[in-house]
Amino acid sequence: MARKRGRRNSRTLLAMAALAGFCQPAPAAIIGTCTIMVGASGTMKANPGLNVFGSKQAGGSSADATITASSLLCTLLNLLDCYSVSAPAPASFSSAPSGGGTNVNFSTVYRLDGTGVDTSGSVPQRVVNGTHTIQVDLTATKSSGIFPAGSYQGTVTVRCE
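Remember, predicted model here, so these are calculated numbers, not experimental data.

### Focus on the pattern of salt bridges
- Taken as a whole, this structure holds three salt bridges when the rule is applied.
- For Asp118, the salt bridge is made with Lys56, and the minimal N-O distance between the two is 2.4 Å. Taken together, the residues span a long stretch of sequence, with Asp118 in the loop between strand E6 (104–112) and strand E7 (119–120) and Lys56 in the loop between strand E3 (52–54) and strand E4 (63–71) at a distance of 62 residues.
- We classify Asp118 as partly exposed; its relative accessible area is 36%.
- The exposure class assigned to Lys56 is partly exposed, which follows from its relative accessible area of 47%.
- The partner of Arg111 in a salt bridge is Asp118, with the nearest N and O atoms 2.9 Å apart.
- A relative accessible area of 11% means that Arg111 is categorised as buried.
- Where salt bridges share partners, they join Lys56, Arg111, Asp118 and Asp137 into one cluster.

If you want it as structure tokens, here you go:
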């Protein structure tokens, strides 16, 4: 009798181990698409001290885009967080006058779906399948001196991965 119970426990343990193997997330690629359509370009303005350029400065405006996430795997398994969106800060200006790009630190924030809540650009935020709006703000701060006169351009890459 003791032997039968031992076999039953072994089989139960084996079945539980097999089931646990199926329940763990599989390291697989997402099957689907995430499309980003760029909307309006933002506008960066200088602060009165001429040491900060930013789209959140007076007269500046955010850039915006539309993100459409669609994943069959997310739909089939009813997962709500298959894609992540982020908008990390660039390392430098795309273009700037001589000396304009030295001693500059860049930062970005973004807002999804009109929440009004700023998320640091380097922090990914999960999105569900569907269409989402994103507003992105870029700030460039000169650690010493002021920005020389001229034309500046900064490019933020919005990621959906």
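Next comes the rest of the account.
### Some points on the state of the cysteines
- Enumeration over the complete set of coordinates arrives at one disulfide.
- Each disulfide pairs two cysteine sulfurs, and for Cys34 the partner residue is Cys160, the sulfurs being separated by 1.8 Å. Negative torsions about the S-S bond denote left-handed disulfides, and the value of about 90° found for Cys34 with Cys160 makes this one right-handed. Residue Cys34 is located in strand E1 (residues 32–38), and its partner Cys160 is located in strand E10 (residues 159–160); the two are separated by 126 residues in the primary sequence.
- When its relative accessible area of 22% is taken as the criterion, Cys34 is described as partly exposed.
- The buried category is assigned to Cys160, whose relative accessible area is 17%.

How each quantity is defined
Residues numbered from 1 in each chain as written. Predicted model: local features only at pLDDT ≥ 70, side-chain atom pairs only at ≥ 80, totals over all residues. Heavy atoms only, no water. Salt bridge = Lys/Arg side-chain N within 4 Å of Asp/Glu carboxyl O. Helix = DSSP H or I, 4+ residues; strand = E, 2+ residues; numbered from the N terminus. Buried < 20%, exposed > 50% of the residue type's maximum accessible area, 1.4 Å probe, protein only. Disulfide = S-S within 2.5 Å.

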